[in-house]
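Coordinate analysis (summary)
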Amino acid sequence: MEIDIKVLEEAVVLFYRSESSQQARAHEWLSQVQLSPQAWQFCWELMAPDKTCEVQFFGATTLHSKLLKYWHEVPKEMHEELKQKLLQAIVAFGGGPKLVLNRLCIAFSAFIVHMLEEWPTAIEDVTNTFQNQQLANLSVNTQIWIMMEILGGIPEEANAIYTSVQRAMLRQEINKRTGFILSTIDGYLSVKCDAPGLEDEDTASMLRAVKCGGLWLKNGHPMDSCLKFAETLLKLVNKCYWSCVQGDGCMSADENELAEVCLETLSFIMVQPDAHRYSNTALVMIRMFLESLTEILKAEWRENNLNEDIAVGIYTLLIASIESQSRLLLTGIASDSAEHRELYTRLIEEILQCTNKPGIYPVEESCSVLAMGFWYMLQDEVLSLDPSVQRSKCMETIRPLYAHLTKVLVRKAQQPNEVSIERWSSDDLETFRCYRQDISDTLMYCYDVLHDDLLEIFAAILDEGILAVQSDQLNWPKLEAVIYSMCSIAEHISVTENIVIPKLMHTLSEIPYETLNEKLLGTALETIGSYCEWFKENPVYLPPAIDLLVKGLNSTMASQATLGLKELTRECQMQMKIYAEPLLKACEQSLHGGHLKNAESVRLMYSIGRLMSMLSPDKIPACLDLMVSPCFEELQLITQNRTQTEAAKIRTLFRLNMVSTLYSSLNTKGVQQENTDSTNAQPVLLVMERTMPIFRQIGEMWIDDTQIIEALCNSLKYAVTNLMNDSKPMLPDLCCLIISIFQTKCVCPAMDIAKTCIIMFYNDADMHAKMHQLLVEIIAYNIRHFEVS
């Protein structure tokens, strides 16, 4: 197709400067234009000096795209001309815009990859051209920057270009040049490292050089061939850091980025796929890192330090190094060699210092989160060893380490108090919440190593927390953190533990929550729920726990209280029987008090169902009426008024979810006293008999609303699965409702409840006809569905 350059320019400007709908149309047309063979010609016209930056960039992008995908359109005799035009364009844009220059450099990278067979010395020739400043009108730094940009693009373009050469062979050919590239970069960086100071104009070129080295190392290179390059990178990191310390102590953005990229490139050396083959070299490298970088870590081991990013980069490098050599770590721990043990002791101490960074994460420090995965890896590697002398030796070595780590983690779990929290944003609080979950997981790994010794550590810290609160109420985070930590390991604690956990429960019942931050109460309530299995075997401690949960129901921590009560009633139902009536009264007051959120009310219905199941049959109806009547009264009112507003929908879903939860937990079979009349109808059946008309009205009124129909079906499904054979009296009404739903709208829960009923009652002589009809309706619905589709 004929392409008018003026029209093309207008389309480019439209794409970059218009709104989304016009952009989409312009993008579609421009993409088609780039596919045309004429693009090889007009791309150069678009890069003319008098064109706008957007048009020039589109021209360079088009050239890169053609080189990437349509190399076959370039005749062999045109290769030399194309190379010269590319070099001329790079020189022309040497002064900017850098956006265009960058794209031209990448285009030249793609050209070199295509030409490797025809021009085998391409990489060396290009390096020589720029390294020896053979291009006029470009500064030395600009030529170095361009060279590194081109060289850095080669391994990436090799993975992206369309070529007839097998990708594996192409990568192999590229990798042969890695040693030459690293040597070139190392030679340039070494000169700059030995020069006094760090000139601003050199920083961009040095940064590009280090990035280039990292891109080549990503494909792998023998680690023992990287030692000289690694030494240079470490020297450069120190130059960036210590030169700034001599000034105002704060690294500039450019110095910081350069140091960060150096450390990242060192990580590429350590984590390459074949790293395990170079264990001796890895030891040498790790020793180099420790000797070169730990002084920086010492200088920055404080909260709110000026150069947090470099500390993060160094810790990341150390952790990545040891994780890639985890077996070597264990060998070092168990080694008879004092030199090896000393090396790994130093390394682990540095990682522990990372976790123990002063300040609260993430506002005052950002390092401590980095090592959480390491602590899992270390204990997992040790525990996975076959029982042997080595495993025993490793366990003996890491037990004191994990004991120290436990104390560190409890401290790091401390929340900001009322004074410091003013500096926290909502994002900071969410990040800290996730961080505390990481701490919780890591404490479980500590338990795997320490077992009951961990409880002794917690007991001592618990005493410290109590004393801290007694001396100053603002110290509540210390007490809350140890309670949170003990909550974290609840699933590991034996139900026969009778020293530390009783002490914890006594402490929880004695804390003056009214005078302390509400978060302390929330954590205490979560902890009670977490120890539900322990309470089952130690019911003597239930009364104070129940009192605390009731207090929580009427506080701002009602969510944690309903969760804790749900766990207790689920696990300790029979043990709570003697407390059922007063507890139900407290639940009823909270439920109707108006302060609970919808989700909390729904959750509380589970506990109500479990507690109500233990009442004598003569007391259940009155209690049931108190709890459930408001639900059906509101549903009845909504259906009578035919109110289908968004507010009515929300209330309908809320009430249906409450009923569903009650249906799932209220079951008197198996929990009533032995002398109770077994002929008494299940309470759920009594409720269903009274409320099926309301369910039918809801189904008719909201038949077009999938969300409500699903909630309705879920309620019925919970009722049927709870009642099992006892649901038989309600089956006719239930089947009519399900069939009416199928005839209008099919939802998954409707299919589930139909399946449950058919499986349970198809062979029942009384119900066979109904179940057969239900099955026919399901089949008919599916046939209609496939006919439509």
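Quick summary incoming for the structure in this document. (Residues numbered from 1 in each chain as written. Predicted model: local features only at pLDDT ≥ 70, side-chain atom pairs only at ≥ 80, totals over all residues. Heavy atoms only, no water.)

Focus on the packing of aromatic side chains
- As enumerated under the stated definition, the model contains 13 aromatic pairs in all.
- Taken together, a centroid distance of 5.7 Å and an interplanar angle of 75 degrees make the contact between Trp71 and Phe111 edge-to-face. In this pair, Trp71 is assigned in the loop between helix H4 (53-69) and helix H5 (79-92) and Phe111 in helix H6 (residues 98-115), connecting sequence segments 40 residues apart.
- With a relative accessible area of 14%, Trp71 lands in the buried category.
- For Phe111, a relative accessible area of 0% corresponds to the buried category.
- Every member of this aromatic cluster is reached through a ring pair, and the members are Tyr361, Trp424, Phe432 and Tyr435.
- The ring centre of Trp145 lies 4.5 Å from the NZ or CZ of Lys98, which sits over that ring.
- Geometry around Tyr606 places Lys566 over its ring, the cationic atom sitting 5.3 Å from the centre. (Phe/Tyr/Trp six-rings, centres within 6.5 Å; stacked < 30°, edge-to-face > 60°. Helix = DSSP H or I, 4+ residues; strand = E, 2+ residues; numbered from the N terminus. Buried < 20%, exposed > 50% of the residue type's maximum accessible area, 1.4 Å probe, protein only. Lys NZ or Arg CZ within 6 Å of the ring centre and 35° of its normal.)

Looking at the nonpolar core
- Counting 269 residues, the largest nonpolar core has Trp375, Leu378 and Tyr531 as the members making the most contacts within it.
- Dropping the residues within four chain positions of it, Leu378 is found in contact with Leu329, Leu330, Ile333, Ile398, Leu401 and Tyr402.
- Leu30, Val33, Phe42 and Val55 belong to the second-largest nonpolar core, a separate cluster that totals 12 residues. (Core = buried A, V, L, I, M, F, W, Y, C linked by side-chain atoms within 4.5 Å. Contact = heavy atoms within 4.5 Å.)

Here's the deal with the environment of Met372
- When you line up the elements, Met372 lands in helix H18 (residues 372-383).
- Expressed as a C-alpha distance, the spacing of Met372 and Glu255, which sit 117 residues apart in the sequence, is 28 Å.
- Among all residues touching Met372, those that are not within four sequence positions of it are Leu409, Tyr435, Asp438, Ile439 and Thr442.

As for a negative patch on the surface
- On the surface, a cluster of negative charge is made up of Glu199, Asp200, Glu201 and Asp254.
- With respect to the helices and strands, the residue Glu201 is situated in helix H11 (residues 200-217). (Patch = residues over 30% accessible without salt bridge, like charges linked within 9 Å, V, L, I, M, F, W, Y side chains within 5 Å. Areas by Shrake-Rupley, 256 points an atom, 1.4 Å probe, with all protein chains shown as cover. Salt bridge = Lys/Arg side-chain N within 4 Å of Asp/Glu carboxyl O. Lys, Arg positive; Asp, Glu negative; His and termini not counted. Charge placed at Lys NZ, Arg CZ, Asp CG, Glu CD.)

Quick look at helix H24 (residues 518-530)
- The first and last C-alpha atoms of H24 sit 19 Å apart over 13 residues, in line with the 18 Å expected at 1.5 Å per residue.
- Residues of H24 that are buried include every one of Leu520, Leu521, Gly522, Thr523, Ala524, Leu525, Thr527, Ile528 and Gly529, and no others.
- Buried positions along H24 lie against helix H20 (426-450), helix H22 (476-488), helix H23 (500-510), helix H25 (532-537), helix H26 (542-553) and helix H27 (558-571).
- One side-chain oxygen at the N-terminal end of H24 lies 2.9 Å from the backbone nitrogen of Lys519; it belongs to Asn517. (Expected span 1.5 Å × (residues − 1). Polar contact = N/O pair within 3.5 Å; in protein donor to acceptor, adjacent residues only side chain to side chain.)

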